[in-house]
Amino acid sequence: MLLVVVGAVGGGWFLLGEGLDRAEKWISIVGVCVSTALSGGGLLLGWLTWRQTRAVSRAAPAVTAPGIGAVGIGGRSSGEIRTDVSGVAESTSPVPGGAAGIHAGGTGSVAVGGDSTAPISTRVTGPDAQRRQ
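Computed from a predicted structure; not experimentally measured.

Trainee: Describe a nonpolar patch on the surface, naming the residues involved and giving the relevant values.
Mentor: A cluster of nonpolar residues, L44, W47, L48 and W50, forms a patch on the protein surface that exposes about 430 Å² of accessible area. Mapped onto the elements of the fold, L44 is located in helix α2 (residues 20-57).

Set out below in C-alpha cells:
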C-alpha cells in the first residue's frame, strides 16, 4: 500500500514538471499499460476458473449397480454392455463401495464410474440354470 502511495505521489510530481500537453500523453500511455495488464489478469482469472470447473465436473459420480445383472454408468458409454445372468435365484449381498463410491453389488452387475468406450460383457450361470436343462 505504501509503495502505491509513493508511486502515485512520485508520478504526480513528475507530471507537474512536464507541462499539460506532455502530461496528457504520459497519462494516455500509462492508462493503456494499466488497462492491458488488468485485462490480461482478468483473462487469466477467467481461464483458471473455467479450468477448475471442468476438473470438478469430470470427477466420477457415485455409481451403484445393486441388482442381478444391473448396469450403472456414471459418464458416457459408447461401447456395448451386456450382462447375461441365468440360474441365479438370489443376489449376493452388496460389496462395499470401491473408489469414489462406485460399486456393483449384484451378481453379474457392472458399474462404471466415468466414460467407457470398450465393450463390457458379463456372463453368470448358476446351479438353477443347470437343473432346467
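Trainee: Requested: an account of the environment of G74, with residues and values cited.
Mentor: Relative to the elements of secondary structure, G74 occurs in the loop between β2 (71-73) and β3 (81-86). The spacing of G74 and A62 is twelve residues in sequence and 7.2 Å in space, taken between C-alpha atoms.

Trainee: Could you give an account of helix α1 (residues 2-16), naming the residues involved and the relevant values?
Mentor: An ideal rise of 1.5 Å per residue puts 21 Å on 15 residues; α1 measures up with 21 Å between its terminal C-alpha atoms. Summarising burial for α1: zero of the 15 residues are buried, a small minority.

Trainee: How would you summarise the packing of aromatic side chains if you had to cite specific residues and measurements?
Mentor: Using the criterion set out here, one finds one aromatic pair in the structure. For the ring pair F14 and W26, a centre distance of 5.5 Å and an interplane angle of 80° mean the geometry is edge-to-face. Residue F14 is located in helix α1, and its partner W26 is located in helix α2; the two are separated by twelve residues in the primary sequence. You can call F14 partly exposed: its relative accessible area is 39%. Classification of W26 as partly exposed rests on a relative accessible area of 34%.

What counts, and where the lines are drawn
Residues numbered from 1 in each chain as written. Predicted model: local features only at pLDDT ≥ 70, side-chain atom pairs only at ≥ 80, totals over all residues. Heavy atoms only, no water. Patch = residues over 30% accessible without salt bridge, like charges linked within 9 Å, V, L, I, M, F, W, Y side chains within 5 Å. Areas by Shrake-Rupley, 256 points an atom, 1.4 Å probe, with all protein chains shown as cover. Salt bridge = Lys/Arg side-chain N within 4 Å of Asp/Glu carboxyl O. Helix = DSSP H or I, 4+ residues; strand = E, 2+ residues; numbered from the N terminus. Expected span 1.5 Å × (residues − 1). Buried < 20%, exposed > 50% of the residue type's maximum accessible area, 1.4 Å probe, protein only. Phe/Tyr/Trp six-rings, centres within 6.5 Å; stacked < 30°, edge-to-face > 60°.

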